Amino acid sequence: MIFFAPFEPDKSPFNAEATDVATNAIPVADGWGPFPSFEALSATLGAECKGAIVGRSTAGDYSIFAFTATAIKKYVQGTATWTDVSRLVGGAYNLADGEYWSILQFGPYIVASNIGDVMQVYNLDTDTEFSALAGSPPQAKYIWVCGGYLFAGNTTAGADRIYNSGLEDISQWTVGEAGSDFQPGGGSGEVVGGVGDQFGGYVFYSDRVRRIQLTPNTGYTYSLTDVNVARPTIAPYSIVSLGANDFIHYCNDGFFRGPNATPIGAQRVDEWFSNYADIRENRQIQGTIDPIKKIAWFTFKNTLAQTRILGYHWQLDRWTLLTVEQTYLVPLATAGYTLEEIAALYPSIEDVPYSLDSYVWAGGRPLFAGFSLDGTFGFYSGGAMETTLETANIQHWPDRSFVSAVRPITDASGVSISVGARDTHSDTVTWGTAATANSRTGLCPARSSGRLHKYRMTIPADTEWTIAHGVEPVAVPEGQA
């Protein structure tokens, strides 16, 4: 048995405990599992998505908002279309090239910010369009919540400044009132993001990470303390929060987790990523979490200008790669559909992209969603994507060996196996023809001679399966040379 190892392309190609190919699958405890395909649910936004959020009103109703560089749109339940809910006063928005909106929910309010516009707000209980947030908040690139305060960083008043609203009052921005305050950088670089929890949070600068400690009993709203000056992020939108005191961000030398900057990509994916990704597009690395699968996803552009998605399973501490073209990822929940609304959307049952018992129609449950290059919105709830898994280069015997067949250890049907061979460790791999399994023996035929062998399993798209465990070659010694 040769197991399908974790995706760790930085390791030796002869290390059986690592692989450099594992695409369109998700890590599971003892192998790999399927990843669902993207299925469009809506008409296009008409432009690239630059931010999205699902909001829940006081009554428990869900609303989906999508942001472009110039407009804000709301998903129209039951029609698969978008309606413009942009501000009525102020004209089109002015999001800068290469930037995303910073968006969050605070109570019944959706708050959205970018440095080119006045901070925007939408009351989920009463509003029909966005408008300027009252209280003269700063124009800022990034917003986040710490305790009961709304924080804003990298503002028109200074790239190193952070401001906070009054306690539980996002329209109170007068310094000194209700806990509202501001802090200059104090010699630090520009603010590139922040995350918060009920007791405080963290602010990321271009040259350090600082802890925000709420200290209302001292007469000051909070204090700032350096926690890491060696691992600042170079990709502002890569910052994802996993919970209190737990986050992931991309630095100039790899992926790190938490305030102590625990390396999670070192000697596994960091070197591969620095070569495979287009480092000129680091600001376009966009991170989000899949709350169901416990995976942090990062969209990025590779050196061929293709959009790809790197995933990190934070419970299993493993990586994976998706070869799909998506420009923005977000965990969202639908408002729920009736059978009549589904029938109105799709004239034929064959056109319905998801099964009728899918969570997409039930509503309320967070699902992993995304926007394609043309701004089309959908969920990752379709049939399984085509999956490719490879082993390391394996030397079965002290000398050469001959592989006559391979048994795929998976519950997927219709898989194919191809075998690659090397005569020496310095040779390139020569791949044989892919073959499917014999219906009687369950073996995929092969004729491969070499000192080292590498095995590739391909599982076709839309195949129903749960586990790909490994391969079992039929190999015999073939003598020296």
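Everything quoted here is computed from the prediction, not taken from an experiment. (Residues numbered from 1 in each chain as written. Predicted model: local features only at pLDDT ≥ 70, side-chain atom pairs only at ≥ 80, totals over all residues. Heavy atoms only, no water.)

On to the overall build of the protein. The helix and strand inventory of the protein stands at three helices and 40 strands. Taken over C-alpha atoms, the radius of gyration comes to 25 Å for the protein, in line with the 23 Å a tight globule of 481 residues would show. Based on the C-alpha atoms only, the size of the protein along its principal axes is roughly 85 × 60 × 35 Å. Relative to its 481 residues, the protein shows a buried fraction of 54%. A fraction of 59% describes how many contacts in the protein between residues 6 or more apart in sequence connect residues 24 or more apart. Summed over its atoms, the accessible surface of the protein is roughly 19,700 Å², and 50% of this surface lies on carbon and sulfur atoms. Distance between charge centroids for the protein: 6 Å, based on 30 positive and 49 negative side chains. (Helix = DSSP H or I, 4+ residues; strand = E, 2+ residues; numbered from the N terminus. Rg over C-alpha atoms; globule rule 2.2 N^0.38 Å. Buried < 20%, exposed > 50% of the residue type's maximum accessible area, 1.4 Å probe, protein only. Contact = heavy atoms within 4.5 Å. Areas by Shrake-Rupley, 256 points an atom, 1.4 Å probe, with all protein chains shown as cover. Lys, Arg positive; Asp, Glu negative; His and termini not counted. Charge placed at Lys NZ, Arg CZ, Asp CG, Glu CD.)

Strands in a sheet are paired, the pairing made by backbone hydrogen bonds, and the direction either parallel or antiparallel. Strand order in this open sheet of four strands is E6-E7-E8-E9, and the pairing throughout is antiparallel. Unpaired on one side and paired on the other, strand E6 (52-56) and strand E9 (81-84) mark the two borders of the sheet. Along the sheet, successive strands turn relative to each other by an average axial angle of 35°, direction set aside. (Pairing = 2+ DSSP bridges. Axes fitted to C-alpha atoms, helices over the stretch in contact; angles between N-to-C directions.)

Further remarks concern the pattern of salt bridges. In the structure shown here, the tally under the stated rule is 22 salt bridges. Close ionic contact of Glu 99 with Lys 141 constitutes a salt bridge, the shortest N to O distance being 3.4 Å. Pair noted here: Glu 99 is in the loop between E9 and strand E10 (102-106) and Lys 141 is in strand E14 (residues 140-146), with a separation of 42 residues, a long-range link. Here Glu 99 matches Lys 141 in class, with each residue buried. (Salt bridge = Lys/Arg side-chain N within 4 Å of Asp/Glu carboxyl O.)

On the secondary structure map, Gly 179 appears in the loop between strand E16 (158-164) and strand E17 (181-183). Sequence separation between Gly 179 and Glu 129 is 50 residues; the distance between their C-alpha atoms is 29 Å.

One non-glycine residue, Asn 154, lies in the positive phi region at around 60°. Examined against the element boundaries, Asn 154 turns out to sit in strand E15 (residues 149-155). Taking the relative accessible area as the measure of exposure, Asn 154 reaches 3% and is therefore buried. If you check the backbone angles, Ala 178 has positive phi at about 55° while not being a glycine. Mapped onto the elements, Ala 178 comes out in the loop between E16 and E17.

With 44 residues, the main nonpolar core has Phe 7 and Phe 273 as its most contacted residues. Ranked by size, the runner-up nonpolar core spans 32 residues in total, among them Ala 80, Tyr 149, Phe 151 and Val 203. (Core = buried A, V, L, I, M, F, W, Y, C linked by side-chain atoms within 4.5 Å.)

With respect to topology, four strands assemble into an open sheet ordered E10-E11-E12-E13, the strand pairing being antiparallel. Lying at the two open borders of the sheet, with one neighbouring strand each, are E10 and strand E13 (131-132). Sheet topology note: the E10/strand E11 (residues 109-113) ladder contains five bridges and is antiparallel. What sits directly across from Leu 104, in E11, is Val 111.

Here the focus is the packing of aromatic side chains. In total, this model carries 37 aromatic pairs according to the counting rule given. Ring centres of Phe 35 and Trp 297 lie 5.3 Å apart, and the angle between their planes is 65°; this geometry places the pair in the edge-to-face category. Taken together, the residues Phe 35 in the loop between strand E4 (31-34) and strand E5 (36-40) and Trp 297 in strand E27 (residues 295-301) connect sequence positions 262 residues apart. When its relative accessible area of 0% is taken as the criterion, Trp 297 is described as buried. Consider the rings of Phe 65 and Tyr 122, whose centres lie 4.9 Å apart with planes at 65°: the pair is edge-to-face. Of this pair, Phe 65 sits in strand E7 (residues 62-67) while Tyr 122 sits in strand E12 (residues 120-123), placing them 57 residues apart in sequence. For the residue pair Phe 65 and Tyr 122, the accessibility class agrees, reading buried in each case. Put simply, the rings of Phe 7, Tyr 250, Phe 255, Trp 272, Phe 273, Tyr 276, Phe 298, Phe 300, Tyr 312 and Trp 319 pair up and form one aromatic cluster. The ring of Tyr 100 has Lys 50 sitting right over it, with the charged end atom 5.1 Å from the ring centre. The positively charged end of Arg 318 is found above the aromatic ring belonging to Trp 32, 4.7 Å away from the centroid. (Phe/Tyr/Trp six-rings, centres within 6.5 Å; stacked < 30°, edge-to-face > 60°. Lys NZ or Arg CZ within 6 Å of the ring centre and 35° of its normal.)

What follows covers the environment of Thr 23. Its place among the elements puts Thr 23 in strand E2 (residues 22-23). For the pair Thr 23 and Glu 390, spaced 367 residues apart in sequence, the C-alpha separation works out to 9.4 Å. With residues near it in sequence (within four places) discarded, Thr 23 still touches Leu 321, Thr 323, Glu 386, Thr 387 and Thr 388.

Most of strand E20 (residues 209-214) sits inside the fold, with five of its six residues counted as buried. Judged from the five bridges that link them, strand E19 (residues 200-205) and E20 form a sheet pairing that is antiparallel. Looking at E20, one finds that Gly 201 is bridged to Ile 212. If you look at the hairpin formed by E19 and E20, you'll find three residues sitting between the two strands. Direction of pairing for E20 relative to strand E21 (residues 222-228): antiparallel, over a ladder of six bridges. Counterpart to Leu 214 in the pairing with E21 is Tyr 222.

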